[in-house]
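# Residue-level structure breakdown
Each chain, written out:
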Amino acid sequence: MTQKRVISIQDISCIGKCSLTVALPILSAAGIETSILPTAILSTHTGGFTGFTFRDLTEDVEPITDHWKTLDLKVDAIATGYLGSEEQQQLIAGIFTDFRQPQTVILVDPAMADQGRFYPAFDQRFALGMRDLCKLADIICPNITEACFMLEKPYPGDDYTQQQIEEMLKELAALGPAQVVLTGISFEPGRLGAAAYDKELDRFEYYFTERIEGYYHGTGDIYSSALLAGILNDKTLDDAIRIACEFTVAAIRRTRDAATDPKFGVDFEHELATLINLLK
Ligand code: PXL
């Protein structure tokens with residue numbers, strides 16, 4: 001069996017587990033070789049810390065990928081997350097063209113906003129750039145905030161119906177991706193999960209687990225990495241959303257029980273064995 005390779009394109013936040021510091025261990029645990037293209041280096045992520053440093057790596061993208069073009073790389077997936085600049089959105093569209101092969105799965109997590117607000121440094125223009133990138137993807141996994149910003153809809157907070165979620169899923173799929181996963185969905189108190197739409201099958205899928213109160217940083221990135229781990233391990237979309245939900249909530253539960261400061265990220269490391277079992 002030849003090992004699969006992902007190119008993971010997102011930032012390195014040195015402290016505060018998210019983006020590459022979660023994608024690498026999760027994909028590695030799933031048996032996937034993970035090549036990286038760091039979009040920026042920050043001393044911490046931007047959620048809940050003040051005084052963080054930020055080095056934009058936009059100018060390194062082309063020299064790195066120009067070199068890669070000489071390497072005859074087999075690429076099974078390209079996964080993007082938090083980007084350092086608007087210009088990177090265009091550069092990444094080029095990377096999709098240059099490195100896509102018949103088997104390549106392109107996953108775009110438009111990591112830019114949550115709870116009705118953009119992360120610092122992002123705005124509506126950036127959201128439209130993300131929408132353009134989503135058009136080129138096979139699978140996308142926005143949260144409700146990101147979905148609303150890309151579709152230029154008002155953020156509904158917790159006030160939405162299953163029908164509205166299904167309309168949103170279909171609108172996102174109409175942009176291009178064959179599969180859309182909306183995270184952070186809740187239709188009843190105490191339950192939280194994901195809603196998905198498979199365009200080819202014209203089928204909606206849902207998966208919910210216990211809702212743990214509080215805001216746990218980096219969990220969207222953990223979710224998208226675990227989702228990709230499932231897809232690349234040949235799971236169906238409904239299995240992949242279940243595996244990603246169970247793994248993410250297990251890490252959150254552990255962190256709540258330990259009562260550590262959630263801005264430093266969740267203890268997903270102690271749940272990697274759980275992920276491996278879920279993938280079997
Ligand atoms: O988890 C998303 C994320 C990734 N990278 C950086 C962030 C955030 C969310 O705030 O600030 C740098």
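Above this text is the structure in question.
### Observations regarding the site of the ligand
The environment of the ligand is formed by Asp11, Ser13, Cys18, Ser19, Leu42, His45, Thr46, Gly47, Tyr82, Tyr119, Gly218 and Asp221. Between Asp11 and the ligand, the recorded distance is 2.8 Å, taken from a side-chain N or O atom to a nitrogen atom. One of the side-chain nitrogen or oxygen atoms of Thr46 is found 2.7 Å away from an oxygen atom of the ligand. Broken down by class, the residue content of the shell around the ligand amounts to 4 nonpolar, 6 polar and 2 charged.

### Section: the pattern of salt bridges
Opposite charge on two side chains permits them to pair, given that their charged atoms come into close proximity. Applying the stated rule across the entire model yields 20 salt bridges. For the salt bridge of Glu269 with Lys17, the shortest nitrogen-to-oxygen distance reads 3.1 Å. Here Glu269, found in the loop between α8 (237-258) and α9 (272-279), pairs with Lys17, found in the loop between β1 (5-15) and α1 (19-29); they are 252 residues apart in sequence, far enough to count as distant. Given the relative accessible area of 22%, Lys17 is considered partly exposed. Across the pair Asp132 and Lys135 runs a salt bridge whose closest N-O atoms are separated by 3.1 Å. Separated by 3 residues within a single helix, Asp132 and Lys135 lie in helix α4 (residues 124-135), roughly one turn from each other. Note on Asp132: relative accessible area 41%, which makes it partly exposed. Among the charged side chains, a network of salt bridges with common partners joins Glu210, Arg253, Arg256 and Asp257.

### Focus on unusual backbone geometry
Here the phi dihedral of Ala121 falls at roughly 85°; this positive angle occurs in a residue that is not glycine. Here Ala121 is to be found in the loop between β7 (117-118) and α4. Given a relative accessible area of 78%, Ala121 falls into the exposed group. Despite not being glycine, Asp202 has its phi angle at roughly 50°, a positive value. Structurally, Asp202 is set in the loop between β10 (191-198) and β11 (203-210).

### A look at the environment of Phe96
Here Phe96 is to be found in helix α3 (residues 86-99). Sequence separation between Phe96 and Ser35 is 61 residues, and the spatial gap between their C-alpha atoms is 15 Å. If sequence neighbours within four positions are ignored, Phe96 has contacts with Ile78, Thr80, Ile106, Val108, Leu133 and Leu136.

### A look at the sheet that holds strand β8 (residues 139-140)
Pairing within the open sheet is mixed, and its 9 strands lie in the order β3-β2-β1-β4-β5-β8-β9-β10-β11. The sheet terminates laterally at β3 (54-56) and β11, the two strands that pair on one side only. The pairing of β1 with strand β2 (residues 33-44) spans 9 bridges and is parallel. Paired with Arg5 across the strands is Glu33, a residue of β2.

### A closer look at helix α7 (residues 219-232)
For α7, which comprises 14 residues, the first-to-last C-alpha distance of 20 Å matches the rise-based estimate of 20 Å (1.5 Å per residue) to within 8%. Most of α7 sits inside the fold, with 13 of its 14 residues counted as buried.

### Digging into the packing of aromatic side chains
Under the defined criterion, the tally for this structure stands at 10 aromatic pairs. Members of the aromatic cluster, connected to one another through ring pairs, are Tyr160, Phe187, Tyr206 and Phe208. The lysine or arginine in question, Lys263, covers the ring of Phe49, its NZ or CZ lying 5.3 Å from the ring centre.

### Digging into the pairing of β10
Burial runs high along β10: 6 of the 8 residues are buried. Two strands pair when backbone bridges link them, and strand β9 (residues 179-185) and β10 are joined in this way by 6 bridges, in the antiparallel orientation. Residue pairing in the sheet places Ile185 in a bridge with Gly193 of β10. Here β9 folds back onto β10, and the loop between the two strands holds 5 residues, one of which, Gly190, carries a positive phi near 85°. Pairing of β10 with β11 involves 8 bridges; the strand directions are antiparallel. Pairing of Gly193 across the sheet is with Phe208, part of β11.

Each value, and the rule that gives it
Residues numbered from 1 in each chain as written. Predicted model: local features only at pLDDT ≥ 70, side-chain atom pairs only at ≥ 80, totals over all residues. Heavy atoms only, no water. Near = heavy atom within 4 Å. Polar contact = N/O pair within 3.5 Å; in protein donor to acceptor, adjacent residues only side chain to side chain. Nonpolar A, V, L, I, M, F, W, Y, C, P; charged D, E, K, R; others polar. Salt bridge = Lys/Arg side-chain N within 4 Å of Asp/Glu carboxyl O. Helix = DSSP H or I, 4+ residues; strand = E, 2+ residues; numbered from the N terminus. Buried < 20%, exposed > 50% of the residue type's maximum accessible area, 1.4 Å probe, protein only. Contact = heavy atoms within 4.5 Å. Pairing = 2+ DSSP bridges. Expected span 1.5 Å × (residues − 1). Phe/Tyr/Trp six-rings, centres within 6.5 Å; stacked < 30°, edge-to-face > 60°. Lys NZ or Arg CZ within 6 Å of the ring centre and 35° of its normal.

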